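# Report on the structure
Listed below are the residues making up each chain.
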Amino acid sequence: MDIRTVKEFIGADWTVMTQRLADALKSDIALLNSTNESILAHSGKQLRPLLALLFARACSGGIVSEATIRYAVSAELLHNATLLHDDVADDSDQRRGVPTIRSLMGPAVSVLVGDYWLVKAMELMLGEKDGDTRVIRIFSKTLSDLAEGEMLQLQKAQNGDTDKEDYLRIIYNKTASLFEAACVSAAISVSASDAMLKAAHDYAVALGLAFQIKDDILDYDGTESVGKPLGVDIMEQKITMPLLGAMKNAGETEEKRVRGLVKDIVAHPEYRDEIVAFVKSNGGLDYAITELGRYVDEAVLALDVLPDSYEKKCLEELAYFTAKRDM
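This text gives an overview of the structure that appears in the document.

Cut-offs applied
Residues numbered from 1 in each chain as written. Predicted model: local features only at pLDDT ≥ 70, side-chain atom pairs only at ≥ 80, totals over all residues. Heavy atoms only, no water. Helix = DSSP H or I, 4+ residues; strand = E, 2+ residues; numbered from the N terminus. Rg over C-alpha atoms; globule rule 2.2 N^0.38 Å. Buried < 20%, exposed > 50% of the residue type's maximum accessible area, 1.4 Å probe, protein only. Contact = heavy atoms within 4.5 Å. Areas by Shrake-Rupley, 256 points an atom, 1.4 Å probe, with all protein chains shown as cover. Lys, Arg positive; Asp, Glu negative; His and termini not counted. Charge placed at Lys NZ, Arg CZ, Asp CG, Glu CD. Phe/Tyr/Trp six-rings, centres within 6.5 Å; stacked < 30°, edge-to-face > 60°. Lys NZ or Arg CZ within 6 Å of the ring centre and 35° of its normal. Salt bridge = Lys/Arg side-chain N within 4 Å of Asp/Glu carboxyl O.

## Quick word on the overall build of the protein chain
Summing up its helical and strand segments, the protein chain has 16 helices and two strands in all. In terms of overall dimensions, the protein chain is globule-like: its C-alpha atoms have a radius of gyration of 20 Å, near the 20 Å expected for 327 residues. Its C-alpha atoms give the protein chain principal-axis dimensions of roughly 60 × 50 × 35 Å. When the 327 residues of the protein chain are sorted by exposure, 52% land in the buried category. Long-range pairs, those at least 24 residues apart, make up 75% of the contacts in the protein chain between residues at least 6 apart in sequence. Here the protein chain has roughly 14,600 Å² of accessible surface; of this, 54% comes from carbon and sulfur atoms. Across the protein chain, 36 positive and 52 negative side-chain charges occur, with their mean positions spaced 1 Å apart.

See below:
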């Protein structure tokens, strides 16, 4: 099973979601329209709205509501808004293998377009008359999580003292929180039971953590197909799961030495190859792969309360896909 197959299975619901996404971004300003269309043309897997639609259907026997569509679109809008802002913060020239809006049109445009997508997400969350305060709180929390995650990551990068607890908080805030918002809001949209709401939370958080750990593994052991150069994280002084695992295996003396290299890497970019070699020779990738597998298993286990359905099977397969993907 692949993501294209899942989208084909969802069929009309996916078509409605993508049309609603395009409609939400329409403006009478030609430059804004063309910019939005360019972003949509390179919008990646669109995993968050896919998870939202699947989870709603899994909870309801294959039915989605108008609110489900709105919340699914909101998750995708919010995700892309954060990417547009991240590209400015990180001075990124490429994303998904194509030039970023920041590199083509400047940081100000990237921020403004990101703000536009964010506002459109908020409008859809609220709805015209039927905005659910629970969903508004969930997405508001996600926005707070994203900001706190970025600031904590920056603080830890400057200090070079990221530990496993810090790392898990950062990747929850920056990645898993939006997975959680997408799945839980979708479950709410079809009046799911409390047990199903808990399943949505547990599945999405575990899947989001697994998704980011896999990204961090690919940064050390991927290919250029991921759409960014390898070793970006360590050049930005980000201590992620593979490096944490290698330092744990190597012992305190080596950990202290390598943390020193990370703190000095901006002035000494040649340290990158030494750190990558350290991760590979001290079992850092195997450690991260084990942690990845644990979170994938947690995600799949969380689905046990849902009735058997093809949607449930797709959610399970998407969890396993997270561990196997190469981009």
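## Some thoughts on the packing of aromatic side chains
Scanning the entire structure with this criterion turns up three aromatic pairs. The interplanar angle of 65 degrees and the centroid separation of 4.4 Å between the aromatic rings of F9 and Y310 together place this pair among those described as edge-to-face. Of this pair, F9 sits in helix α1 (residues 3-10) while Y310 sits in helix α16 (residues 310-324), and the two are 301 residues apart along the sequence. The exposure class of F9 is partly exposed, given its relative accessible area of 31%. When its relative accessible area of 34% is taken as the criterion, Y310 is described as partly exposed. Measuring from ring centre to ring centre gives 5.5 Å for F179 and F211, while their planes differ by 50 degrees; the resulting arrangement is tilted. Here F179 is found in helix α9 (residues 164-189), whereas its partner F211 is found in helix α10 (residues 194-221), with 32 residues between them in sequence. Taking relative accessible area as the criterion, F211 reaches 8% and is therefore assigned buried. Sitting over the ring of F211, R48 keeps its end group 6.0 Å from the ring centre. Geometry around F9 places R57 over its ring, the cationic atom sitting 5.1 Å from the centre.

## Description of the side chain of D86
Assignment of secondary structure puts D86 in helix α5 (residues 66-89). Of the side chains with opposite charge, R95 lies nearest to the buried D86, which makes no salt bridge, at 4.9 Å. Setting aside its immediate chain neighbours within four residues, D86 contacts R95 and E150.

## Some thoughts on the pattern of salt bridges
Across all of its chains, the model carries 24 salt bridges by this definition. With a closest N to O distance of 3.0 Å, E311 and R57 form a salt bridge. In this pair, E311 is assigned in helix α16 and R57 in helix α4 (residues 47-60), connecting sequence segments 254 residues apart. Each member of the pair, E311 together with R57, is buried. Where E274 meets R257, a salt bridge forms, and the shortest distance between an N and an O atom there is 2.7 Å. Of this pair, E274 sits in helix α14 (residues 271-281) while R257 sits in helix α13 (residues 252-263), and the two are 17 residues apart along the sequence.

## Examining helix α12 (residues 241-250)
The buried count for α12 comes to seven of ten residues, which makes it a mostly enclosed element. Taken residue by residue, α12 has M241, P242, L243, L244, G245, A246 and M247 as its buried positions. The inward-facing, buried residues of α12 abut α9, α10, α11 (232-235), α13, α14 and α15 (284-302). The first or second residue beyond α12 is G251, which carries a positive phi of 100 degrees.

Read these as geometric descriptors, not functional statements.
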